[in-house]
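If you want the building blocks of each chain, they are given just below.
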Amino acid sequence: MEGAEVQAQGNSAGDGQGGGEKGTGGAGRVWAATRERAGEVLEGGTRVVREHPGTSVLGAGVLGFALGMILGWFAGRDARETPCGCAQRWLRGWGHKLNLD
């Protein structure tokens, strides 16, 4: 955290990097802290995905499916179709494609 504070102080001193104007020392410190925290979160997320790739892919698939169902529900709603009818029609179509009839 010291590096971020030194960099933020340099920005408030007008060294030509970042804020550079007087009175932006607080904003520079906040920006540096936020950037550091975002980097930590990104590194943590990358570590979790590398340690658990199957779970990550499954979670992304479930999230995509849920988002698709929600968007499909809104699209069906505009056509005066019930949410259950839209989902049932979609599932029937996939059942037919997979020969589950």
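Given the structure is predicted, the values throughout are model-derived calculations rather than measurements. (Residues numbered from 1 in each chain as written. Predicted model: local features only at pLDDT ≥ 70, side-chain atom pairs only at ≥ 80, totals over all residues. Heavy atoms only, no water.)

Details of the overall build of the protein
Inference 1: Helix and strand content of the protein: 4 helices and 0 strands.
Inference 2: For the protein, the sequential pattern of α-helices and β-strands runs α-α-α-α.
Inference 3: Looking at the protein as a whole, 11% of its 101 residues are labelled buried.
Inference 4: Accessible surface computed for the protein: about 8,100 Å², of which carbon and sulfur atoms make up 63%. (Helix = DSSP H or I, 4+ residues; strand = E, 2+ residues; numbered from the N terminus. Buried < 20%, exposed > 50% of the residue type's maximum accessible area, 1.4 Å probe, protein only. Areas by Shrake-Rupley, 256 points an atom, 1.4 Å probe, with all protein chains shown as cover.)

Digging into the confidence of the model for the protein
Inference 1: Taken residue by residue, the protein gives an average pLDDT of 76. The fraction at 70 or more is 64%.
Inference 2: Predicted confidence for residues 10–16 stays below pLDDT 50, and this span has 11 contacts to residues more than four positions away or in other chains. (pLDDT = per-residue confidence, 0-100. Contact = heavy atoms within 4.5 Å.)

Description of a nonpolar patch on the surface
Inference 1: Taken together, the side chains of Phe-65, Trp-90, Leu-91, Trp-94 and Leu-98 define a hydrophobic patch exposed on the protein surface, amounting to about 530 Å² of accessible area.
Inference 2: It is helix H4 (residues 83–97) that provides the largest number of residues to the nonpolar patch, a total of 3 residues. (Patch = residues over 30% accessible without salt bridge, like charges linked within 9 Å, V, L, I, M, F, W, Y side chains within 5 Å. Salt bridge = Lys/Arg side-chain N within 4 Å of Asp/Glu carboxyl O.)

With respect to the pattern of salt bridges
Inference 1: In total, this model carries 2 salt bridges according to the counting rule given.
Inference 2: In this structure, Glu-40 engages Arg-37 in a salt bridge whose closest nitrogen and oxygen atoms are separated by 3.6 Å. With Glu-40 and Arg-37 both in helix H2 (residues 25–51) and 3 residues apart, this pair spans about one turn of that helix.
Inference 3: The partner of Arg-47 in a salt bridge is Glu-51, with the nearest N and O atoms 3.7 Å apart. Taken together, the residues span about one helical turn, with Arg-47 and Glu-51 both in helix H2 at a distance of 4 residues.
Inference 4: Take Arg-47: its relative accessible area is 46%, and that puts it in the partly exposed class.

Brief notes about H2
Inference 1: Here H2 is 27 residues long and its end C-alpha atoms lie 39 Å apart, about the 39 Å a rise of 1.5 Å per residue gives.
Inference 2: Those residues of H2 that fall on the buried side of the exposure criterion are Gly-25, Gly-28 and Ala-32. (Expected span 1.5 Å × (residues − 1).)

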